[in-house]
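Fold and contact review
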Amino acid sequence: MLINGAHDDIYAIIVTAIKEYQLLWRLPVAILLGAALAALLKFMLQTAVLRFTSVHYKLPAAVLTLAALPVIWIFVRYGGAMSYAASINWESAARLKSNLLNEAVLDDGQALYRVYAIKKILGKINNVDVSEAQLRGFIAEAGGNEKASTIDGAFLRTVNKPRLQKQPSNVVLLVGESFGVWPFLPKFKDLGLVDNMLGLQNSAQAAHIATMLPHSGGTIGALNGLLTGLADTNLYENYQPRSFQDKYASGIGYIMRSLGYKTVFWYGGFPGWQNIKDFALAQSFDEFYCADEIGYKGGNAWGCPDELLLKSVAGYMAQEAPQQKVFHLILTTSNHPPYTLDVDAMGFPRAAVRSKLPADISNDEKTLTEMGHIWYADKTMGDFVYQAQSMWPDSLFVITGDHSERFDFAIEQDIRTRSVIPCIFYGQGVQPEWFGDKSVGCHMQLAGTLAEMLAPSGFAYTAILPSMFTSGQLVFNHCLYAQNGAIDTIDRKDKSTWEYFDVRRRVGAWRVLKGNGIE
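Residues numbered from 1 in each chain as written. Predicted model: local features only at pLDDT ≥ 70, side-chain atom pairs only at ≥ 80, totals over all residues. Heavy atoms only, no water.

**Remarks on the overall build of the protein chain**
What the protein chain contains, in helices and strands, is 19 helices and 14 strands. Taken against the 2.2 N^0.38 rule, which gives 24 Å for 519 residues, the C-alpha radius of gyration of the protein chain at 26 Å falls within 12% of a compact globule. Along the first, second and third principal axes, the C-alpha set of the protein chain runs to 95 × 60 × 40 Å. Looking at the 519 residues of the protein chain, the share that counts as buried comes to 50%. Within the protein chain, contacts between residues at least 6 apart in sequence are counted, and of these 73% link residues at least 24 apart. Accessible area of the protein chain: about 24600 Å², with a carbon and sulfur share of 58%. Both charge centroids of the protein chain, one from 45 positive and one from 49 negative side chains, sit 5 Å from each other. (Helix = DSSP H or I, 4+ residues; strand = E, 2+ residues; numbered from the N terminus. Rg over C-alpha atoms; globule rule 2.2 N^0.38 Å. Buried < 20%, exposed > 50% of the residue type's maximum accessible area, 1.4 Å probe, protein only. Contact = heavy atoms within 4.5 Å. Areas by Shrake-Rupley, 256 points an atom, 1.4 Å probe, with all protein chains shown as cover. Lys, Arg positive; Asp, Glu negative; His and termini not counted. Charge placed at Lys NZ, Arg CZ, Asp CG, Glu CD.)

**Considering the sheet that holds strand β2 (residues 170-176)**
Here we have 7 strands laid out as an open sheet, ordered β3-β9-β8-β2-β7-β5-β6, and mixed in their pairing. In this open sheet, the two strands that pair with only one neighbour each are β3 (206-208) and β6 (287-289). For this sheet, the mean angle separating the axes of adjacent strands, direction not counted, is 15°. Direction of pairing for β3 relative to strand β9 (residues 423-427): antiparallel, over a ladder of 3 bridges. Pairing of A207 across the sheet is with F425, part of β9. (Pairing = 2+ DSSP bridges. Axes fitted to C-alpha atoms, helices over the stretch in contact; angles between N-to-C directions.)

**Considerations on helix α7 (residues 132-141)**
When α7 is considered as a whole, its buried residues turn out to be L135, R136, F138 and I139. Buried residues of α7 fall within an arc of 155° about the axis and therefore sit on the same side. Elements that come into contact with the buried residues of α7 comprise α8 (151-154) and α19 (495-514). Positive phi appears at G143, one or two residues downstream of α7, with a value of about 90°. (Arc of directions from axis to C-beta.)

**Observations concerning the environment of N224**
Checked against the element boundaries, N224 lands in helix α10 (residues 219-228). With 219 residues separating them in the primary sequence, N224 and H443 have C-alpha atoms 9.3 Å apart.

As far as function goes, none of this settles anything; it's purely spatial.
Encoded structure:
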């Protein structure tokens, strides 16, 4: 995240700091306070209590200081110990039940060094300095055709029979900002934060994935997974030159365009964020709309309210020609800090939610306001789905999230509660029995799953992983894997699991850095 932050929207960060965190008065106050404390320290160091007045003491003091510095340095380096074996380091810092406190245990020097070390490790994982024979070996291990001449060709799959008898006029993929599965879970669903999406999920014309993994822990990672269909390699495809030279055949825009759909990308933020506009248009999207075109009255530095974004999409759909098929990818922004929407004025039942809070969630206004933004996201998406369905009854809707980890609980939660996102398919012809209680999925499978739903028999498409209709499969993201309903952290010590995603990462890194060709 630190490395990626260098590419973030600096203007939005500065405006947020000024408007939401009072930078213009807090920074001068901090400077003045710092100067006052420095003056106080200088005065104290000059007092008789803290100052060596005799020249006879200066030499011993200097010698003792020079002797003590290496010892102090070692003590600090090993986090309160004199050896690595007794130290608190990256691997052993998790001593407490709170992630926040565990991060405080590790000193900043080690943490910053870990940024460098992880980037170095990822560089080795993404090593593409391999021979053709080695690459073909990776492809074979990943389940591809090692004799193919291209990466895209090595992972061709064929639709045997479409799940939907008729292609819908509109396919809408709603990617909700920070929209996790936790409010759907039995422990939290009575809070009423996602009643609209629960209603869709439980509909007779809906199916859902029980354990859906986001592509990464951030929005741009999710977007990369959807637009490329490749395993997460931490390469940030949205900045790689080859992402603008050719198209990833496994990407959702490419596959939906191949199915005859006009592809339209909708984003509640601004086009310069993470190079999103240029990246989307380079990866098979015909049109791109964002807050610049929509306007952002009532929004903040990160973009327009979801309500305005979704009203714009609905207005666009109202003007579509009857014979035209359109795929809409919608990326929302409102459920994101600094949480500035007046959700109470929009109907958020703050008091009712407060009365139902479990011990897992803090009972403070800030947390309730954040939950109000989850409620708002659910409300606006629900209103949009019903409005769009009234215009185009045969529409297919896919509702998911970009990631889930942003919400902070008062009590540490399990991996599912912290990290899993929803994935709901809703529309005419969708069968609830398509996916069972042990179904798993991830972002990079969405394009192939839509192909299996929509494409005619014999349609060929590229996908690194099989579609979500394949039972018993193992899916993964940047740090987790899931299979048969179970979810766990990827561990290099688990050799078979590590090799499963390692070869797919290596193939993906080749595709991103060296292109489609193998020979």
